[in-house]
Amino acid sequence: MGGRSSEHDISLASAGSVIEVLRDRYDTVSVEIDREGHWALPAAVPPALEAAEHASRSVETLPVLADSSVAAALAGADVVFPVLHGPFGEDGTVQGLLELAGVPYVGPGVLASALCMDKDVFKAVLRDRGVPVTSSVTLRHGDPVEHPFPYPVFVKPARLGSSVGISKVHDEAELGPALELAFRHDEKLLIEEFVDGLEVECGVLGNREPIASLPGQIVTHAEWYDFSAKYEEGGMELIVPPPISDESVERVQCLAVEAFVAGECEGMARVDFLVRGDEVLVNELNTIPGFTSTSVYAKLFAASGISYPELLDRLIELALERHERQRRYAY
Ligand SMILES: Nc1ncnc2c1ncn2[C@@H]1O[C@H](COP(=O)(O)OP(=O)(O)OP(=O)(O)O)[C@@H](O)[C@H]1O
Ligand SMILES: [Mg+2]
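Residues numbered from 1 in each chain as written. Chains lettered and ligands numbered in written order. Predicted model: local features only at pLDDT ≥ 70, side-chain atom pairs only at ≥ 80, totals over all residues.

## Focus: helix H10 (residues 308–327)
And step 1. Taking 1.5 Å of rise per residue, 20 residues should cover 28 Å, and H10 covers 29 Å from first to last C-alpha, within 8% of that figure.
And step 2. Within H10 the residues assigned to the buried category are Tyr308, Leu311, Leu312, Leu315, Ile316, Leu318, Ala319 and Arg322. In a view along the axis of H10, the buried residues occupy a sector of 155°, so they form one face of it. The outward face of H10, more than 90 degrees from its buried face, is lined by the exposed residues Glu324, Arg325 and Arg327. (Helix = DSSP H or I, 4+ residues; strand = E, 2+ residues; numbered from the N terminus. Expected span 1.5 Å × (residues − 1). Buried ≥ 20, exposed ≤ 12 C-beta atoms within 10 Å, placed from the backbone. Arc of directions from axis to C-beta.)

## Focus on the site of ligand 1
And step 1. Lining the immediate environment of ligand 1, one finds 20 residues, of which Phe154, Gly161, Val195, Trp224 and Tyr225 sit closest.
And step 2. Those elements that place two or more of their residues in the shell around ligand 1 are strand E4 (153–157), strand E6 (188–193), strand E11 (267–276) and strand E12 (279–286).
And step 3. Here the shell around ligand 1 takes three residues from E12, the largest share from any one element.
And step 4. Its residues assigned to classes, the shell around ligand 1 comprises eight nonpolar, six polar and six charged.
And step 5. If you count residues domain by domain, the shell around ligand 1 takes at least three from each of domain 2 (114–132 + 195–321) and domain 3 (136–193). (Near = placed C-beta within 6 Å. Nonpolar A, V, L, I, M, F, W, Y, C, P; charged D, E, K, R; others polar. Domains from an automatic or database assignment.)

## Things to note about the domain arrangement of the protein
And step 1. Domain parsing of the protein yields domain 1 (8–105), domain 2 (114–132 + 195–321) and domain 3 (136–193).
And step 2. Each of domain 2 and domain 3 has a C-alpha centre, and the two are 23 Å apart.
And step 3. Taken together, the contacts link 13 residues of domain 2 with 13 residues of domain 3.
And step 4. Sorting the residues of the side of domain 2 that touches domain 3 by element identifies helix H5 (119–128) and helix H7 (227–231) as the ones contributing at least two each.
And step 5. Looking at the side of domain 2 that touches domain 3, the element that brings in the most residues is H5, giving three residues.
And step 6. The residue makeup of the side of domain 2 that touches domain 3, split by class, is five nonpolar, one polar and seven charged. (Contact = placed C-beta atoms within 7 Å.)

## Brief notes about the nonpolar core
And step 1. Among the nonpolar cores identified, the biggest contains 62 residues, and Cys202, Val204, Ala256, Ala259, Val271, Phe273 and Val282 are the most heavily contacted of them.
And step 2. In terms of residue count, the dominant contributor to this core is H10 (seven residues).
And step 3. Residues lining this core come from more than one domain, with at least three contributed by each of domain 1 (8–105) and domain 2 (114–132 + 195–321).
And step 4. Residues in contact with Ala259, not counting those within four places in the same chain, are Leu126, Val131, Val271, Val282 and Leu285.
And step 5. One finds Val155, Ile166, Leu190 and Ile191 within the second-largest nonpolar core, a separate group that totals twelve residues. (Core = buried A, V, L, I, M, F, W, Y, C linked by C-beta atoms within 7 Å.)

Laid out in structure tokens, this is it:
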């Protein structure tokens with residue numbers, strides 16, 4: 001939990017909820033990563049993590065200058081739940097570390113995490129699979145600033161979350177400052193067509209046979225779903241099911257699973273849509289969505305009959321199942 005990204009505090013809140021529920025039924029230990037990237041354990045490591053049966057795990061392959069107690073806790077764990085949002089956590093980096101350490105972990109793997117973190121490459125893959133996405137152009141630092149869209153447009157860093165660095169740009173005069181803000185967070189950004197529609201989100205759960213939750217509509221009183229609408233008390237309301245036709249609900253669920261599969265995801269993801277009339281567009285996919293018990297992902301599954309504790313149990317089983325399956329292959 002924690003981590004170097006600007007979503008550090010959101011991660012701590014998500015992890016707090018996860019630990020509170022897991023603590024009753026599992027031996028848990030939390031590893032907190034500070035904003036500078038230092039890993040720390042609480043003073044006491046539960047005896048279960050030091051058990052001799054775990055000692056043979058090949059932690060020596062872990063090429064990090066980690067405090068030895070961190071390495072020991074990772075190697076001794078049956079499963080790690082990375083509750084990290086954004087760069088250096090949700091983007092395949094921590095997942096790669098866990099692969100090297102040979103420890104099962106919750107959520108999408110290295111490729112899926114890196115791919116889905118990058119809104120530019122992710123949309124290219126979806127387009128290739130025939131999944132409809134929001135139109136955008138990609139801009140790297142130094143590129144000429146051109147785009148074919150009428151105003152307003154959205155400007156966003158390619159690899160971030162929680163609406164950090166994103167602007168709704170109403171006219172040409174606002175474009176420069178918006179690009180400057182986004183370039184503070186990433187060297188690659190997207191200028192996106194504004195879709196004047198409903199915001200709908202859908203949870204996905206599973207490995208090889210993923211299921212979609214009921215979708216929900218995000219309603220905010222802000223002009224768009226910005227950082228404060230996301231995290232301030234009363235900033236948003238989730239309406240399940242969303243006020244769209246049954247056909248559109250089904251289409252959202254189908255496309256959520258298609259996006260999950262196209263992104264090579266396993267475990268979990270939340271897929272964010274924009275629905276304009278009958279048109280359903282994938283906007284983005286989050287591999288480690290906000291994870292408190294009142295976050296959208298948990299609420300959507302609760303409305304679909306899977307409670308928060310059950311969701312956590314299933315995610316842990318899925319992590320173990322994937323690890324077992326992948327161990328069988330010769331490299
Ligand atoms: N093309 C668009 N048309 C209309 N609204 C948009 C568009 N792109 C983004 N938005 C608005 O901006 C918000 C944030 O955008 P987006 O989901 O792409 O960013 P994010 O920071 O990755 O979010 P998350 O917290 O879900 O990871 C959306 O929820 C929506 O309100
Ligand atoms: Mg989003």
